[in-house]
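Results of the structural survey
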Protein chains: 2
Amino acid sequence: MTEKKTFSISELASEFDVTTRSIRFYEDQGLLKPTRRGQTRIFSTKDKVRLKLILRGKRMGFSLAETKETFDLWDETLTGNEKQLLKMLSILDEKRAHIEQQKADIAMAELEINTREAHCREALAELQKKKQQQESTIKQSGHTAEQS
Amino acid sequence: MTEKKTFSISELASEFDVTTRSIRFYEDQGLLKPTRRGQTRIFSTKDKVRLKLILRGKRMGFSLAETKETFDLWDETLTGNEKQLLKMLSILDEKRAHIEQQKADIAMAELEINTREAHCREALAELQKKKQQQESTIKQSGHTAEQS
DNA sequence: AAAGCGCTTTACGTTAACGTAAACTTCCTC
DNA sequence: GAGGAAGTTTACGTTAACGTAAAGCGCTTT
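Residues numbered from 1 in each chain as written. Chains lettered and ligands numbered in written order. Predicted model: local features only at pLDDT ≥ 70, side-chain atom pairs only at ≥ 80, totals over all residues. Heavy atoms only, no water.

Notes on the overall build of chain A
How we decide: Elements are defined by DSSP. Helices are runs of H or I of four residues or more, strands are runs of E of two residues or more, and each kind is numbered from the N terminus. Only C-alpha atoms enter the radius of gyration, while the globule expectation follows 2.2 Å times N to the 0.38, with N the number of residues. Here the term buried applies to any residue with accessible area under 20% of the maximum for its type, exposed to any over 50%, and partly exposed to those in between, with areas from a 1.4 Å probe on protein chains only. Note on contacts: a residue pair is in contact if any heavy atoms of the two residues lie within 4.5 Å. Computed with the Shrake-Rupley method and a 1.4 Å probe, the accessible areas treat only the protein chains shown as cover for residues. Charge assignment: positive for Lys and Arg, negative for Asp and Glu; neither His nor the chain ends contribute. To locate a charge, the coordinates of NZ of Lys, CZ of Arg, CG of Asp or CD of Glu are taken.
Helices and strands together make up the secondary structure of chain A, namely 5 helices and 3 strands. Start at the N end of chain A and walk to the C end: the helices and strands fall as β-α-α-β-β-α-α-α. Relative to the globule expectation of 15 Å for 148 residues, the C-alpha radius of gyration of chain A, 28 Å, shows a markedly less compact shape. Each principal axis of the C-alpha distribution contributes one length, and for chain A these read about 95 × 40 × 30 Å. Within the span of chain A, comprising 148 residues, buried residues form 34% of the whole. A separation of at least 24 residues holds for 49% of the contacts in chain A among residues at least 6 apart in sequence. When the accessible surface of chain A is summed, it comes to about 9,900 Å², and 53% of that surface belongs to carbon and sulfur atoms. Computing the positive centroid from 27 side-chain charges and the negative centroid from 24, chain A places the two 5 Å apart.

What follows is the structure in structure tokens.
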């Protein structure tokens, strides 16, 4: 009762900050399966969840085709044939490997960002020091100028 | 003395598992700046480091243009004008935000992978159980058949 | 009933990041 | 000195993931 059950295309578009074109494209590629009232698309909460997964997948470097493959496979495993279950497990392992790579990348990137930031701040401090020195020099020459 | 100082295009290509075409493309886009002996490209360790950064950037979802921008900016900040240093700091903040997003994405993805794996193993256990039951039924009927 | 809003389909255009092919040099080896 | 391996330039082709424009439908608001 607390959650809305269906969504229009523009509702999803604004909620996830994508264009309606993209959403239609995802449907076209078989990633979303909205029902219709007349011509108009009606999206379920399942579609909404999938859209979220699509976008996260993109951020993580998965293509739409890959994401579709996992969607399809997951649907199939619901009817649970043993071979499909085993394939699913191996795909999950691949994903895990991908994630481990990402974690390593992120850790390295974070290190670099930190050292770069340190360098930047150091350089800025240097500049400030020179500024200070200049200002005091100016004040001094200003003072002597007043006196002369 | 312990590290080689220059590299051919195919050395880099095989070390990082990319095509020479890609490497030439990266140079064309201004991301790598090998020197030349005659026509032939000679890559420095700096180029090698940059290639590694390019590839990691790709895995993390950065475009070549973005990566080039950070390269260029970082080169500029070495000559340390204050405005450039500040811009560098703001870009570092952006990168950090990107990384935080990735961390969140990864955490969610890991959770999902784990629950999915659990479901899979559960379903497999179910199948095994049914198999066991079937086998024992067969043995039993085999036994009775022998006896009849 | 005219105008506007939100949705639709159809279809051609665009960008990034290379792939691929052709034709050429340089150097080494047989 | 013929061939082969590794490099080069030039240039057209390809794929994914949409962007963009045109034309039309259904409803309601004025």
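A few points about the interface of chain A and chain B
We count it as follows: As used here, buried area is the combined drop in accessible area, with a 1.4 Å probe, of two parts when they are placed together. Salt bridges are defined by distance alone: a side-chain nitrogen of Lys or Arg within 4 Å of a carboxyl oxygen of Asp or Glu. Side-chain atoms alone can form a polar contact between residues adjacent in sequence; in general such a contact is a pair of N or O atoms within 3.5 Å, and within protein one must be able to donate a hydrogen while the other accepts it.
In this assembly, 38 residues from chain A lie in contact with 38 residues from chain B. For the pairing of chain A and chain B, the buried interface totals around 3,700 Å² over both sides, and the portion due to carbon and sulfur atoms is 64%. Ionic pairing is found between Arg96 of chain B and Glu117 of chain A, a salt bridge with its closest N-O pair at 1.9 Å. Linking chain A with chain B are 10 residue pairs in polar contact (both at pLDDT 80 or more), by the criterion used here. For the side of chain A that touches chain B, the secondary structure elements donating two or more residues are helix 3 (45-59) and helix 5 (82-147) of chain A.

Overview of the protein's contact with DNA strand C
The following threshold applies: Working definition: residue near molecule or strand if any one of its non-hydrogen atoms lies within 4 Å of it. Amino acids are sorted into nonpolar (Ala, Val, Leu, Ile, Met, Phe, Trp, Tyr, Cys and Pro), charged (Asp, Glu, Lys and Arg) and polar (every other residue, Gly among them).
With respect to spatial proximity, 17 residues lie near DNA strand C, and among them Ser10 and Arg41 of chain A together with Thr19, Tyr26 and Lys58 of chain B are the closest. Within the contact set of DNA strand C, a phosphate oxygen lies 2.6 Å away from a side-chain nitrogen or oxygen of Ser10 of chain A. Leu64 of chain B has a polar backbone atom sitting 3.0 Å from a phosphate oxygen of DNA strand C. Elements with a minimum of two residues in the surface near DNA strand C: helix 1 (9-16), helix 2 (20-28) and strand 3 (40-44) of chain A together with helix 2 (20-28) of chain B. The element that contributes the greatest number of residues to the surface near DNA strand C is helix 2 of chain B, accounting for 4 residues. Here the surface near DNA strand C is composed, by residue class, of 4 nonpolar, 7 polar and 6 charged.

Focus: the relation of the copies chain A and chain B
There are two copies of the chain, and a rotation about an axis plus a shift along that axis relates them. Put simply, the test is: Only residues with pLDDT of at least 70 in both copies contribute their C-alpha atoms to the least-squares superposition of the copies.
If you rotate chain A by 180 degrees and push it 0.0 Å along the axis, it lands on chain B with an RMSD of 0.1 Å. Both copies of the chain, as the preceding transformation shows, are related through a two-fold rotation axis. Considering only C-alpha atoms, the part of chain A nearest the rotation axis is Gly61 of chain A, at 3.1 Å.

Concerning the layout of surface pockets
Worth spelling out the cut-off: Of the grid points, spaced at 1 Å and generated over the protein atoms alone, those admitting a 1.4 Å probe that cannot get out make up cavities, while open sets with protein on both sides within 12 Å along at least five of seven lines make up pockets; any residue with an atom within 4 Å of a point is treated as lining. Grid points are joined across faces, edges and corners, and a volume is the space filled by probe spheres set on the points.
Roughly 330 Å³ of volume is contained in the largest pocket. Taken together, 17 residues make up the lining of the largest pocket; nearest its centre are Val49, Arg50, Lys52 and Leu53 of chain A together with Glu112 of chain B. When contributions to the lining of the largest pocket are tallied by element, the ones reaching two or more residues are helix 3 and helix 4 (64-77) of chain A together with helix 5 (82-147) of chain B. When residues in the lining of the largest pocket are grouped by element, the largest group, 9 residues, is from helix 3 of chain A. Across the lining of the largest pocket, the residue classes tally to 6 nonpolar, 2 polar and 9 charged. The calculated volume of the second largest pocket comes to roughly 260 Å³. Looking at the lining of the second largest pocket, the elements with two or more residues in it are helix 5 of chain A together with helix 3 (45-59) of chain B. Considering each element in turn, the lining of the second largest pocket owes the most residues, 7 residues, to helix 5 of chain A. Taken together, the residues that form the lining of the second largest pocket break down as 6 nonpolar, 3 polar and 6 charged.

Quick notes on the pairing of strand 3 of chain A
All names here are of chain A. To keep things clear, this is the line we draw: Should DSSP find at least two bridges between two strands, the strands are regarded as paired.
With 2 bridges joining them, strand 1 (residues 6-7) and strand 3 adopt antiparallel strand pairing. Within the sheet, the bridge partner assigned to Thr6 lies in strand 3 and is Ser44. By the bridge criterion, 3 bridges tie strand 2 (residues 35-37) to strand 3 in an arrangement that is antiparallel. Counterpart to Arg37 in the pairing with strand 3 is Thr40. Here strand 2 hands over to strand 3 after 2 residues, with Gly38 in that stretch at a positive phi of 70 degrees.

Let's talk about the protein's contact with DNA strand D
For DNA strand D, the set of nearby residues contains 17 residues, the closest of which are Thr19 and Tyr26 of chain A together with Ser10, Arg24 and Arg41 of chain B. The share of sugar and phosphate among atoms of DNA strand D within 4 Å of the protein is 72%. For DNA strand D, a phosphate oxygen lies 2.3 Å from a polar atom in the side chain of Arg41 of chain B. Where the surface near DNA strand D is concerned, the elements lending two or more residues are helix 2 of chain A together with helix 1 (9-16), helix 2 and strand 3 (40-44) of chain B.

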